[in-house]
Amino acid sequence: MKLDVTALGTFYQMAQEGAGLAAGRLTRMTDVDTRVGVTKLNFMRGSDIRAELGDSVRKVGVRVELTGALDGHAVIVFDWESATHLVRTLQPSVDPEDTLPDSPDEEFDEMNRSAITEVGQIMHSGFIDGWADVLGTAIDVSTPEYVDGDSAEPFLAGIDTAPGADDLALLFQSQIEAIDTEIQFRYYLFPDHDSMEDVLAQQGASSDDGIEYDKLAGFDRLAQRGADEVASNVTTMTGIDTDVEIRRLNFVPLEVLPEEIDDEMLIGVAFEFDGMPSGYLLFTFDESSAREIVNAMLPMAPDDEFDEMGQSAIKELGNIMASGFLDGWANVLDTTIDHSPPEYNHDMGAAVIDPVVIQLGENQEYAFVFDTSVQAADREFDCNIYAIPDESDLERAINDLPMDRIEEVPTKATLEEVETDQ
């Protein structure tokens with residue numbers, strides 16, 4: 001199955017349209033003003049989905065089966081607080097102290113489960129009607145099923161289209177924001193493989209053009225190895241034990257990328273890389289994490305961690321991290337990927353990524369973004385990694401990817417190789 005940008009753009013329009021209809025119907029049902037927050041397409045591995053659903057925190061959800069123009073299953077999952085808020089909103093005349101559970105350890109009673117199922121059905125119908133409108137066809141929906149639990153099993157049981165541990169699933173992620181509160185939920189679409197291929201073909205994807213879906217999973221694994229190398233480099237350079245916590249492969253319009261960045265003062269270290277593929281690599285740190293880096297790397301930390309000496313330390317770490325991330329790509333692809341000297345930026349949220357968006361936006365509308373979070377267990381340290389390859393280069397690199405080399409070829413850069421990049 002091939003994925004081309006035109007067809008994926010249609011899927012993104014489906015996500016937007018569906019989220020808009022779902023928000024509107026939720027407003028009419030609850031009389032709470034809502035709006036759609038960030039909408040994006042995620043490619044996510046089955047193992048990561050199961051880990052996300054199996055975090056030992058109780059969640060509730062509503063599942064439906066889809067037939068017609070798109071076969072498969074869809075699951076909407078609410079965190080416990082959002083589900084509780086919805087029940088309170090839908091039943092204002094009922095004393096919540098008499099009916100609602102006191103904590104996530106307790107289950108909702110039958111009346112509350114019915115209310116949540118009703119909300120889920122309304123939101124499902126909004127999403128799916130939006131998809132059908134974009135595709136110009138009909139999608140049938142089964143009777144909704146209420147599920148809850150603190151593991152993945154209740155949400156995925158019986159879904160034969162759920163991805164295996166190493167398979168990628170295409171997920172629609174939308175956030176619907178209510179005034180004075182947020183309704184947090186995740187929306188999982190598990191389409192039948194053949195059905196999705198038919199939809200893509202109808203939207204312009206051909207057998208000759210586009211990215212091979214199976215190899216996209218391979219390249220995602222390659223990016224994961226690069227992220228693991230980044231975490232290892234951070235630990236080696238700073239002594240801060242880190243690990244890769246969150247990984248996403250997003251497909252988004254470039255114009256919404258700034259919305260992904262936290263609205264706070266950030267330190268950004270950006271690189272342009274050139275080769276096969278080319279593109280941009282950005283590391284962002286909040287100020288407290290950047291201070292941890294400077295204090296760990298400099299024997300006598302300056303009074304102002306962001307003076308010239310502090311900036312130099314952060315850029316040095318960024319340079320090592322960039323080589324660790326990109327060398328694996330170059331080694332597996334048997335090519336050369338050079339990266340520019342680090343560019344330091346200390347600014348509010350979106351401003352650290354705006355230059356990248358401007359540069360890429362000259363030639364493309366959408367981007368695949370390898371979005372990773374590296375965190376420390378016992379220190380105030382977070383690093384977000386955004387790898388944004390050039391669209392046409394990425395297609396060629398993925399389709400030429402030798403799958404048998406992904407696990408065999410080392411990703412680690414030698415010190416000499418890193419020094420030549422500085």
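Here the structure is a predicted model, which means the values were calculated and not measured.

A. Representation of the overall build of the protein. Scanning the protein from N- to C-terminus turns up 13 helices and 17 strands. Its C-alpha atoms give the protein a radius of gyration of 23 Å, near enough to 22 Å, the size a compact globule of 422 residues would have. Structurally, the protein occupies a C-alpha span of about 65 × 55 × 35 Å along its principal axes. In the protein, which comprises 422 residues, the share counted as buried stands at 55%. In the protein, 79% of the contacts between residues at least 6 apart in sequence involve partners at least 24 apart. When the accessible surface of the protein is totalled, it reaches about 17800 Å², and 42% of it is carbon and sulfur. Separation of charge centres in the protein, based on 24 positive and 89 negative side chains, amounts to 3 Å.

B. Up close: the pairing of strand 16 (residues 366–376). Taking burial as the measure, the 11 residues of strand 16 include 10 buried ones, the bulk of the element. Bridge count for strand 11 (residues 242–253) against strand 16 is 11 bridges, and the pairing is antiparallel. By the bridge assignment, Arg248 is partnered in strand 16 with Asp371. Bridging between strand 16 and strand 17 (residues 382–389) involves 6 bridges; their strand directions are antiparallel. Counted as the bridge partner of Thr372 is Ile385 from strand 17. Remark: 5 residues form the turn of the hairpin made by strand 16 and strand 17, two consecutive strands paired antiparallel.

C. Quick peek at the pattern of salt bridges. Across all of its chains, the model carries 7 salt bridges by this definition. Residues Asp129 and Arg25 are paired through a salt bridge, measuring 2.9 Å at the closest nitrogen-oxygen approach. Separated by 104 residues along the polypeptide, Asp129 in helix 5 (residues 110–135) and Arg25 in helix 1 (residues 5–30) bring together distant segments of the chain. Residue Asp393 pairs with Arg396 through a salt bridge whose shortest N-O separation is 2.6 Å. Taken together, the positions of Asp393 and Arg396, both in helix 12 (residues 391–399) and 3 residues apart, correspond to about one turn of that helix.

D. How the structure looks around the UniProt feature "domain: CheC-like protein" (unreviewed entry) in the protein. UniProt tags residues 111–145 and 309–343 as "domain: CheC-like protein" (unreviewed entry). Between the end C-alpha atoms of residues 111–145 there is a gap of 14 Å, over a span that is 71% helix and 11% strand. Secondary structure over residues 309–343 splits into 71% helix and 11% strand, and the C-alpha atoms at its two ends are 15 Å apart.

E. Molecular detail of the packing of helix 3 (residues 80–90) against helix 5. Orientation of helix 3 relative to helix 5, taken along the N-to-C sense of each, is 95°, at an axis distance of 10 Å. In terms of their interaxial angle, helix 3 and helix 5 are classed as roughly perpendicular. Residue-level inspection shows Ala83, Leu86, Val87 and Leu90 of helix 3 in contact with helix 5, the latter providing Asn112, Ala115, Ile116 and Val119. Looking at the contact of helix 3 with helix 5 residue by residue, the classes come out as 7 nonpolar, 1 polar and no charged.

F. Focus on the packing of helix 8 (residues 213–238) against helix 10 (residues 308–333). Here helix 8 crosses helix 10 at 150°, and the two axes come no closer than 8 Å. Taken together, the axes of helix 8 and helix 10 lie roughly antiparallel to each other. Crossing geometry of helix 8 relative to helix 10 is assigned as right-handed. Two secondary-structure elements touch here, helix 8 through Phe219, Leu222, Ala223, Gly226, Ala227, Glu229, Val230, Asn233, Val234, Met237 and Thr238 and helix 10 through Glu316, Leu317, Ile320, Met321, Gly324, Phe325, Gly328, Trp329, Val332 and Leu333. Of the residues contributing to the contact of helix 8 with helix 10, the split by class is 14 nonpolar, 5 polar and 2 charged.

G. Broad picture of the nonpolar core. Membership of the largest hydrophobic core comes to 123 residues, with the highest contact counts inside it found for Phe43, Phe78, Trp131, Phe285 and Trp329. Contact partners of Phe43, with chain neighbours within four places excluded, come to Leu3, Leu8, Leu168, Ala169, Leu170, Tyr213, Leu216, Leu249, Phe251 and Phe368. The next biggest cluster of nonpolar side chains, apart from the first, holds 15 residues, and it includes Ile49, Leu53, Phe155 and Ala169.

H. Just the confidence of the model for the protein, in detail. With 92% of its residues at a pLDDT of 70 or more, the protein has an overall mean of 84. Predicted confidence is poor over residues 414–422, with pLDDT under 50, and the contacts of this stretch with residues over four places away or in other chains come to 9 contacts.

I. Expanded view of the packing of aromatic side chains. Overall, the coordinates contain 17 aromatic pairs when judged by the stated rule. Between the aromatic rings of Phe43 and Phe368, the centroid separation amounts to 6.2 Å while the plane-to-plane angle is 35°, which identifies the pairing as tilted. One end of the pair, Phe43, is in strand 2 (residues 34–45); the other, Phe368, is in strand 16, and 325 residues separate them in sequence. Relative to Phe283, the ring of Phe271 has its centre 6.2 Å away and its plane inclined at 85°; by these criteria the two rings are edge-to-face. Pair noted here: Phe271 is in strand 12 (residues 265–275) and Phe283 is in strand 13 (residues 279–286), with a separation of 12 residues, a long-range link. We note that Phe271, like Phe283, is buried. One aromatic cluster in this structure is built from Tyr12, Phe43, Phe251, Tyr366 and Phe368.

Calculation notes
Residues numbered from 1 in each chain as written. Predicted model: local features only at pLDDT ≥ 70, side-chain atom pairs only at ≥ 80, totals over all residues. Heavy atoms only, no water. Helix = DSSP H or I, 4+ residues; strand = E, 2+ residues; numbered from the N terminus. Rg over C-alpha atoms; globule rule 2.2 N^0.38 Å. Buried < 20%, exposed > 50% of the residue type's maximum accessible area, 1.4 Å probe, protein only. Contact = heavy atoms within 4.5 Å. Areas by Shrake-Rupley, 256 points an atom, 1.4 Å probe, with all protein chains shown as cover. Lys, Arg positive; Asp, Glu negative; His and termini not counted. Charge placed at Lys NZ, Arg CZ, Asp CG, Glu CD. Pairing = 2+ DSSP bridges. Salt bridge = Lys/Arg side-chain N within 4 Å of Asp/Glu carboxyl O. UniProt positions renumbered as here; feature names shortened; annotations may be inferred. Axes fitted to C-alpha atoms, helices over the stretch in contact; angles between N-to-C directions. Parallel < 35°, antiparallel > 145°, perpendicular 65-115°, else oblique. Nonpolar A, V, L, I, M, F, W, Y, C, P; charged D, E, K, R; others polar. Left-handed = near helix turned anticlockwise from the far one by under 90°. Core = buried A, V, L, I, M, F, W, Y, C linked by side-chain atoms within 4.5 Å. pLDDT = per-residue confidence, 0-100. Phe/Tyr/Trp six-rings, centres within 6.5 Å; stacked < 30°, edge-to-face > 60°.

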